[in-house]
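This is what each chain is made of:
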Amino acid sequence: MKHRVRTAAAAAAITVSSLVGSVEQAQAYQVDCAILLCLAGGWPASAPCAHARAVFIRRLTPWPIEPPLQIWRCPMGASFSAPASLSPMERLYDIAFRGEPQISVPQDPPLFVPVQAEEQADIDISGDAFDFVRSIRVYHIQFSQRENRDGDCNRYDSTRLGSYGVQGDYRWTRSSVADVPPASQLPEPVHCRSISYRSVFVDWRDHEGNYGFEEVRY
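One structure accompanies this document, and this report is about it. (Residues numbered from 1 in each chain as written. Predicted model: local features only at pLDDT ≥ 70, side-chain atom pairs only at ≥ 80, totals over all residues. Heavy atoms only, no water.)

1. Comments concerning the environment of C33
1) Next: Along the polypeptide, C33 turns up in helix 2 (residues 31-40).
2) Next: Residues C33 and M76, 43 residues apart in the sequence, show an inter-C-alpha distance of 8.0 Å. (Helix = DSSP H or I, 4+ residues; strand = E, 2+ residues; numbered from the N terminus.)

2. Observations regarding the state of the cysteines
1) Next: In total, this model carries 3 disulfides according to the counting rule given.
2) Next: Paired through a disulfide, C153 and C192 show a sulfur-sulfur distance of 2.1 Å. Between C153 and C192, the S-S dihedral sits near 95°, and the bridge is therefore right-handed. Here C153 is found in strand 2 (residues 153-157), whereas its partner C192 is found in the loop between strand 4 (170-174) and strand 5 (195-205), with 39 residues between them in sequence.
3) Next: Taking the relative accessible area as the measure of exposure, C153 reaches 34% and is therefore partly exposed.
4) Next: Of note for the protein: the bonded cysteines, numbered N- to C-terminal, pair according to 1-4, 2-3, 5-6. (Disulfide = S-S within 2.5 Å. Buried < 20%, exposed > 50% of the residue type's maximum accessible area, 1.4 Å probe, protein only.)

3. What to know about helix 2
Helical periodicity: at 3.6 residues per turn, an α-helix aligns residues three or four positions apart in one direction.
1) Next: Counting buried positions along helix 2 gives 10 out of 10 residues, so the element sits mostly inside the fold.
2) Next: Within helix 2, the full set of buried residues consists of V31, D32, C33, A34, I35, L36, L37, C38, L39 and A40.

All quantities given are derived from atomic positions and should not be read as evidence of function.
As structure tokens, this is what we get:
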């Protein structure tokens, strides 16, 4: 399976370039299918995967903060003329990059995005092959601390964690700066030094376990 995923991801870097020639044309394929495939393959170098990653990160840019991967928008259960023996990842490759292009034009963004997203993948993704989806973590960091006149340390921490469930559903839960991965640029809150920090930090592991992250300050 790992070999097939690597092969599909590498092929995406070549084949997708011939299907999509510019960022403006990139909406001709299912962007969330592309995000899913490119993420699994470690974001291989190609214009479509670069666009998919840009969408992945742009969704985290306040405001609102959206799920970076919206797997329910990728029709993995769609029928098409392909051998029935294809694995889920090979089927995803066909849907995202080989099938007849489907226009996916985003609508005007809503004023807010619900904290929870109950939508799920339209096939069973509970197996190990899709662990990379559940590896995605989004930390909305809102932290400040300062020492008052009496020498007391006043701290404000409303950090939240966005994560994916077994079938790709997305939820927010309470967290804290103590849980934020060390890759973040969050200053270490020691000795009550004055800190005011806000960002959205996302990290993930690809299908082979390689670590990646991005952080957006605001």
